[in-house]
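Overview (structure and organization)
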Amino acid sequence: MTTTDTTSAAGILRLGNSFCDAKALLTAVELGLFTVLREGPAGPEEIRDRLGLHGRGLSDWLGLLTELGLLERRDGRYRNGPGADGFLVGGDPSYIGGFLQRTNHNLYPAWARLAEGLRTGKPQSGSSFEAVLNEPAILGRFVASMDALTRVLGPQLIAAYDGWPRYRSVLDVGGCKGSLIAQIVAAHPRLAGGVFDLPQMEPFFDELAAERGLEGKATFHGGDFFTDPLPAADIVIIGHVLHDWDAEQRRALVDKAFQSVRPGGVLLVYDRMLDRASSRVENLVISLDMLLVTDGGSEYGVAELRENALAAGFTGVEDRTLGEYDTLVVCTKP
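Report follows, based on the coordinates.

The rules we used
- Residues numbered from 1 in each chain as written.
- Predicted model: local features only at pLDDT ≥ 70, side-chain atom pairs only at ≥ 80, totals over all residues.
- Heavy atoms only, no water.
- Helix = DSSP H or I, 4+ residues; strand = E, 2+ residues; numbered from the N terminus.
- Rg over C-alpha atoms; globule rule 2.2 N^0.38 Å.
- Buried < 20%, exposed > 50% of the residue type's maximum accessible area, 1.4 Å probe, protein only.
- Contact = heavy atoms within 4.5 Å.
- Polar contact = N/O pair within 3.5 Å; in protein donor to acceptor, adjacent residues only side chain to side chain.
- Pairing = 2+ DSSP bridges.
- Axes fitted to C-alpha atoms, helices over the stretch in contact; angles between N-to-C directions.
- 1 Å grid on protein atoms, 1.4 Å probe; cavity = no way out; pocket = protein on both sides within 12 Å on 5 of 7 lines; lining within 4 Å.
- Points joined across faces, edges and corners; volume = space filled by probe spheres on them.
- Nonpolar A, V, L, I, M, F, W, Y, C, P; charged D, E, K, R; others polar.
- Salt bridge = Lys/Arg side-chain N within 4 Å of Asp/Glu carboxyl O.
- Lys, Arg positive; Asp, Glu negative; His and termini not counted.
- Phe/Tyr/Trp six-rings, centres within 6.5 Å; stacked < 30°, edge-to-face > 60°.
- Lys NZ or Arg CZ within 6 Å of the ring centre and 35° of its normal.
- Core = buried A, V, L, I, M, F, W, Y, C linked by side-chain atoms within 4.5 Å.
- Parallel < 35°, antiparallel > 145°, perpendicular 65-115°, else oblique.
- Left-handed = near helix turned anticlockwise from the far one by under 90°.

Looking at the overall build of the chain
Helix and strand counts for the chain stand at 15 helices and nine strands. Here the C-alpha atoms of the chain give a radius of gyration of 21 Å, agreeing with the 20 Å that 2.2 N^0.38 yields for 334 residues. Principal-axis analysis of the C-alpha atoms places the extent of the chain at approximately 65 × 50 × 35 Å. For the chain, buried positions account for 45% of its 334 residues. The long-range share in the chain, meaning contacts at least 24 apart out of those at least 6 apart in sequence, stands at 68%.

Focus: the side chain of S169
As for its position among the elements, S169 is in strand β3 (residues 169-173). At 2.8 Å, the side chain of S169 forms a polar contact with the side chain of R262. In contact with S169, not counting residues within four places along its chain, are L191, A192, A233, D234, I235 and R262.

Notes on the sheet that holds β3
Here seven strands make up an open sheet; going across it, the order is β5-β4-β3-β6-β7-β9-β8 and the pairing mixed. Bordering the open sheet on either side are β5 (218-222) and β8 (316-322), each of which pairs with just one other strand. On average, each strand axis in the sheet is inclined to that of its neighbour by 20 degrees, with strand direction left out of account. Pairing of strand β4 (residues 192-197) with β5 involves five bridges; the strand directions are parallel. Residue pairing for β5: G193 is matched across the bridge by A218.

A word on the layout of surface pockets
In this structure, the largest pocket occupies an estimated 2,000 Å³ of space. Along the walls of the largest pocket sit 43 residues, with A22, L100, T103, E282 and V285 positioned nearest its centre. Of all the secondary structure elements, the ones that give two or more residues to the lining of the largest pocket are α1 (9-16), α2 (18-31), α6 (82-87), α7 (97-111), α10 (136-160) and α14 (280-293). Its residues assigned to classes, the lining of the largest pocket comprises 26 nonpolar, 10 polar and seven charged.

With respect to the pattern of salt bridges
Enumeration according to the criterion identifies 17 salt bridges in this entry. The closest approach of N and O atoms between R14 and D21, which form a salt bridge, is 2.5 Å. Judged by relative accessible area, which is 18%, D21 ranks as buried. A network of salt bridges, in which partner residues are shared, links R38, D85 and D92.

Notes on the side chain of D271
With respect to the helices and strands, D271 occurs in strand β7 (residues 261-271). One buried charged residue, D271, remains without a salt bridge, the closest side chain of opposite sign being R250 at 7.0 Å. With sequence-adjacent residues up to four places away left out, D271 is seen in contact with H240, V241, L242, H243, E299, Y300, Y325, D326 and T327.

Remarks on the pairing of strand β2 (residues 77-80)
Looking along a regular strand, one sees the side chains alternate between the two faces of the sheet. Pairing between strand β1 (residues 71-74) and β2: four bridges, direction antiparallel. Opposite L71, over in β2, you have N80 as the bridge partner. Counted between consecutive antiparallel strands, the loop separating β1 from β2 contains two residues, among which D75 sits at a positive phi close to 55 degrees.

Overview of the packing of aromatic side chains
All told, the structure shown has six aromatic pairs when counted by the stated rule. Seen from their ring centres, F225 and W245 are 6.1 Å apart, and the 85 degrees between their planes marks the pair as edge-to-face. One end of the pair, F225, is in the loop between β5 and β6 (233-239); the other, W245, is in the loop between β6 and α13 (247-260), and 20 residues separate them in sequence. Look at W245 and you get partly exposed, because its relative accessible area is 25%. Members of the aromatic cluster, connected to one another through ring pairs, are F225, F226 and W245. We note K23 situated over the ring of Y108; from NZ or CZ to the ring centre the distance is 4.6 Å. Taking the ring centre of F258 as reference, the NZ or CZ of K333 above it sits at 4.3 Å.

Remarks on the nonpolar core
Among the nonpolar cores identified, the biggest contains 35 residues, and Y161, W164, I235, I237 and L268 are the most heavily contacted of them. Those elements that place two or more of their residues in this core are α9 (129-133), α10, α11 (179-187), α12 (202-212), β5, β6, β7 and β9 (326-332). When residues of this core are assigned to their parent elements, the largest contribution, six residues, is made by α10. Each residue touching L268, except ones within four places of it in the same chain, is listed here: Y161, W164, I235, V236, I237, I238, L328, V329 and V330. Grouped together as the second largest cluster of nonpolar side chains are 27 residues, L171, I238, M273 and V317 included.

Section: the packing of α10 against α11
Between α10 and α11, the least distance of the axes is 8 Å, while the angle of their chain directions is 30 degrees. Between α10 and α11, the angle is such that the two are roughly parallel. As α10 runs across α11, the sense of the crossing is right-handed. Touching D147, T150, R151, G154, P155, L157 and I158 of α10 are S179, L180, Q183, I184 and A187, all from α11. Classifying every residue of the contact of α10 with α11 gives six nonpolar, four polar and two charged.

Right, here's the structure in full:
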């Protein structure tokens, strides 16, 4: 829920200019400021030299980041605040800057065309996902953004579902480079992992598999989940995928997942669903993201997913909170 006071002119003006705070943060991530300051506190002149900046506006930018709590200033020198040092230093396992890089390059410009999106109902990102797949640099940013999310959500999902020990195999549909599967099989080594995604993701999976020692523990399956069959598994996961598609496509993917889940197994779905009052503002923002970057996607409610799961043949459907913003739905196959 927003804490901005929208009953006063000053509060409304502040809300209207809050994009400035966001752009200050996104620029710091783009320039690598927090990574540089991990090496030690630095004054404005050192920061200017190390980042290759002009100098004009630098002190104001650093001052704003300090007021936002992202930096700390002592004796004229700046260092990372706790959050920035924990999550915005490149190369750290907890780094979430990949998602912010995608926000900066893709979502931020698209939101400038929100009015056009609302008038036409068409995406405003300027390129289709097929174009993203054919541009290695852009695809790399997309993969990094998905990786940033799973670094946060992976441990939460592992803790939220207690049925892992009952099964032998798990498949992540739309699992990108395999970060989630890597976390799951590390926590539950008896599980054989699988990732199903477009063939262009396989080199990223291979790189992660070599880093994490996943050979023999996880397998990549290339294909299109609308046209190709999904591999069978005891646990099938569809996370942050259904919201990319319209209601009819979401129903079709749940039907296909039912065929993939082995008898007695489960389908785990998580998304920024719209049922929780505590996260409604954040999740409505994500739903508008889907307007701006997909052809028909949006967030949705648990009721829609429950209806689709029961119609597909699942007999048990339970929902629970997952982290700050997501909802996890567990669908059991008889």
